[in-house]
Amino acid sequence: MSDLRIRPAGPEDLDTVLAFWRTAAEGTSISDDRDGVKRLVARDPEALLLAERGGKLVGTVIAGFDGWRCHLYRLAVHPDHRRRGIGSALLTAADERFVRLGGRRGDAMVLVRNERAQHAWRAAGYEPQEQWRRWVKPLTG
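Residues numbered from 1 in each chain as written. Predicted model: local features only at pLDDT ≥ 70, side-chain atom pairs only at ≥ 80, totals over all residues. Heavy atoms only, no water.

Peer 1: I keep staring at the pattern of salt bridges and nothing clicks. Help me out?
Peer 2: On inspection of all chains with the given rule, the structure shows eight salt bridges. A salt bridge links Arg-74 to Asp-32; the nearest nitrogen and oxygen atoms lie 2.4 Å apart. Taken together, the residues Arg-74 in strand E4 (residues 70-77) and Asp-32 in the loop between helix H1 (14-24) and helix H2 (34-43) connect sequence positions 42 residues apart. What makes Arg-74 buried here is its relative accessible area of 16%. Glu-46 serves as the salt-bridge partner of Arg-97, at 3.7 Å between the closest nitrogen and oxygen. In this pair, Arg-97 is assigned in helix H3 (residues 86-101) and Glu-46 in the loop between H2 and strand E2 (48-53), connecting sequence segments 51 residues apart. The class of Arg-97 is buried, set by a relative accessible area of 4%. The exposure class of Glu-46 is partly exposed, given its relative accessible area of 42%. Overlapping salt bridges bring together Arg-5, Arg-7, Asp-13 and Glu-52 as one network. (Salt bridge = Lys/Arg side-chain N within 4 Å of Asp/Glu carboxyl O. Helix = DSSP H or I, 4+ residues; strand = E, 2+ residues; numbered from the N terminus. Buried < 20%, exposed > 50% of the residue type's maximum accessible area, 1.4 Å probe, protein only.)

Peer 1: Looking at this structure, how should I read H2?
Peer 2: One turn of the α-helix equals 3.6 residues, which is why residues spaced by three or four share an orientation. Listed in full, the buried residues belonging to H2 are Gly-36, Val-37 and Val-41. Taken around the axis of H2, the buried residues stretch over an arc of 130°, which confines them to a single face. More than 90 degrees from the buried face of H2, the exposed residues found are Arg-39, Ala-42 and Arg-43. Taken together, the buried residues of H2 touch H1 and E2. (Arc of directions from axis to C-beta. Contact = heavy atoms within 4.5 Å.)

Peer 1: Got a minute to help me understand the nonpolar core in this structure?
Peer 2: Here is a general trend for soluble globular proteins: nonpolar side chains tend to be buried in one another's company. With 20 residues, the main nonpolar core has Leu-49, Val-61, Leu-72, Ile-86, Ala-94 and Phe-98 as its most contacted residues. Where this core is concerned, the elements lending two or more residues are E2, strand E3 (56-65), E4, H3 and helix H4 (115-123). The greatest single-element share of this core, amounting to seven residues, is contributed by H3. Not counting chain neighbours up to four residues away, the residues in contact with Ala-94 comprise Leu-49, Val-61, Ala-63 and Leu-72. (Core = buried A, V, L, I, M, F, W, Y, C linked by side-chain atoms within 4.5 Å.)

Peer 1: I tried to follow the pairing of E4 on my own but got confused; where do I start?
Peer 2: Across a regular strand the side chains alternate sides, sitting on one face of the sheet and then on the other. Counting buried positions along E4 yields six of eight residues, so the element is predominantly enclosed. Where E3 lies against E4, six bridges are found, and the strand directions are antiparallel. Considered in E4, the bridge of Phe-65 is made with Cys-70. Two strands pair when backbone bridges link them, and E4 and strand E5 (residues 106-108) are joined in this way by three bridges, in the parallel orientation. When the bridges of E5 are listed, Leu-72 appears paired with Ala-108. (Pairing = 2+ DSSP bridges.)

Okay, here's the thing in structure tokens:
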């Protein structure tokens, strides 16, 4: 793992990240477009963490902190690089960011149908909270 580099994404990474998510991420989000990722990186330049090996993108996680809660999104590892500790390294980097910012608890949104992700999050120490339900409302500008 010594050749694994984790760093924040910059504006120059937007297209690479979007292409990577099409290969490595499960499901899509309303924000999975260039403008959405550009806004994220501009608003919080350290939130989108990239894992690189040999200069190639192999994993991502969004570690967003709004001052109240620590939210994790888009934990994705390239299918050819899974089960090698990349996801764990990304979550460790996210945890360290949250602690630096004063966060107290991380939460993640995980698709119910994504059993592999369910196992990965549980292995990382996360537990589902069945008493909560996510409510969403698309916003139009």
